[in-house]
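# A structural walkthrough
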Amino acid sequence: MVKRVSLAAFGGAMLAGVAAAAWAEEQVGTGSDVDVNVTIEDIDPGVLAMSVAGTTTTLSENGSTETVRQFTGELPTVTVTDTRTADEIPDGAFWWVEGTASSFTGDAGQEPIGSENLGWSPSLVDDGSGVVAVGPDVAPALDADEAPNNVGLQGRELLAMALTSEEAIGSWEANATLTLQVPADVEPGTYTSNITLSLFE
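Conventions we followed
Residues numbered from 1 in each chain as written. Predicted model: local features only at pLDDT ≥ 70, side-chain atom pairs only at ≥ 80, totals over all residues. Heavy atoms only, no water. Helix = DSSP H or I, 4+ residues; strand = E, 2+ residues; numbered from the N terminus. Phe/Tyr/Trp six-rings, centres within 6.5 Å; stacked < 30°, edge-to-face > 60°. Patch = residues over 30% accessible without salt bridge, like charges linked within 9 Å, V, L, I, M, F, W, Y side chains within 5 Å. Areas by Shrake-Rupley, 256 points an atom, 1.4 Å probe, with all protein chains shown as cover. Salt bridge = Lys/Arg side-chain N within 4 Å of Asp/Glu carboxyl O. Lys, Arg positive; Asp, Glu negative; His and termini not counted. Charge placed at Lys NZ, Arg CZ, Asp CG, Glu CD. Buried < 20%, exposed > 50% of the residue type's maximum accessible area, 1.4 Å probe, protein only. Core = buried A, V, L, I, M, F, W, Y, C linked by side-chain atoms within 4.5 Å. Polar contact = N/O pair within 3.5 Å; in protein donor to acceptor, adjacent residues only side chain to side chain. Contact = heavy atoms within 4.5 Å. Pairing = 2+ DSSP bridges. Axes fitted to C-alpha atoms, helices over the stretch in contact; angles between N-to-C directions.

Residue Pro148 follows Ala147 across a cis peptide bond; omega there is 5°. If you trace the backbone, Pro148 turns up in the loop between β8 (132-134) and β9 (157-162).

Here it is, written out as structure tokens:
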């Protein structure tokens, strides 16, 4: 008697066998590990550098009155890092960070808002050593109660400084609360200013 075998059934049996073999897969031989090594040399010579945690910030209306509209926000954190050794720092050296703002220009041709209307209140981030100090508060021009410190950021204003660079080796962070004050009849729209931050020694 001739036995007939269905090709479909045969193919199904083959697939079932392959599937079973796949599920029964076992590791052959021992595994191999790869070590990843890196050598990070000391920075020689060290450097004094500044970085800013962001390139933009937005002010929101807060504390307005019937005659003065007020907008506040936060300056992105400014970090000063000094990797120099004491021997690499000149005698008597100290560093400081200062900022100055441009006028606010409108997106629809509005009259610009002068930078004297933007003030700040600097602060240090988690530092109580006394080695680094912040600059004084600078109020907007419309804040007459703060005269004579109501000149805004139209000039070069101090954000933070090291009293002596030799004692300020390491990393230091500072930021500031920003305050913009404008007359109540200011033209509506979106305005943009630029704060230039600079590190000096």
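Following the criterion strictly, the structure yields two aromatic pairs and no others. Measuring from centroid to centroid gives 5.6 Å for Phe94 and Trp96, while their planes differ by 35°, and the two rings are tilted. Ring centres of Trp96 and Phe200 lie 5.5 Å apart, and the angle between their planes is 20°; this geometry places the pair in the stacked category. Residue Trp96 is located in strand β5 (residues 96-101), and its partner Phe200 is located in strand β12 (residues 195-200); the two are separated by 104 residues in the primary sequence.

Side chains of Asp87, Asp91, Glu166 and Glu167 sit close together on the surface and give a patch of like negative charge. Here Asp87 lies in the loop between β4 (78-82) and β5. According to the relative accessible area criterion, Asp87 is exposed, its value standing at 78%.

Of all hydrophobic cores here, the largest spans 28 residues; its most connected members are Leu75, Trp95, Trp120, Val132 and Leu159. Those elements that provide at least two residues to this core are β4, β5, β7 (118-124), β9 and β10 (170-183). Sorting elements by how many residues they give to this core places β10 first, with six residues.

A separate point is the side chain of Gln181. In this fold, Gln181 is placed in strand β10. Of note is the side chain of Gln181, whose polar atom sits 2.7 Å from the side chain of Gln70. Within polar-contact distance, the side chain of Gln181 engages the backbone nitrogen of Asp143 at 3.4 Å. Those residues in contact with Gln181 that sit more than four places away from it in its chain are Val68, Arg69, Gln70, Asn117, Pro140, Leu142 and Asp143.

Judged by pairing direction, the sheet is antiparallel, and its four strands sit side by side in the order β8-β9-β5-β12 without closing on themselves. The strands lining the two open edges of the sheet, one partner per strand, are β8 and β12. If you compare each strand with its neighbour and ignore which way they point, the axes differ by 15° on average. In the sheet, β5 pairs with β12 via six bridges, with the strands oriented antiparallel. Directly across from Glu98, in β12, lies its bridge partner Ser198.

A few words now on the side chain of Asn150. Along the chain, Asn150 turns up in the loop between β8 and β9. In contact with Asn150, not counting residues within four places along its chain, are Ala139, Pro140, Ala141, Asp143 and Ala144.

Bringing the pattern of salt bridges into the picture now. On inspection of all chains with the given rule, the structure shows four salt bridges. Note that Asp82 is salt-bridged to Arg84, the shortest N-O span being 2.8 Å. You'll find Asp82 and Arg84 in the same group, each marked buried. One salt bridge connects Arg84 with Glu201, and the closest N-O pair in it is separated by 2.7 Å. Here the residue Arg84 occupies a position in the loop between β4 and β5, and Glu201 occupies one in the segment after β12, the gap between them amounting to 117 residues. Looking at Arg84, the relative accessible area reads 10%, which means it is buried.

This is a description of form; function is not addressed.
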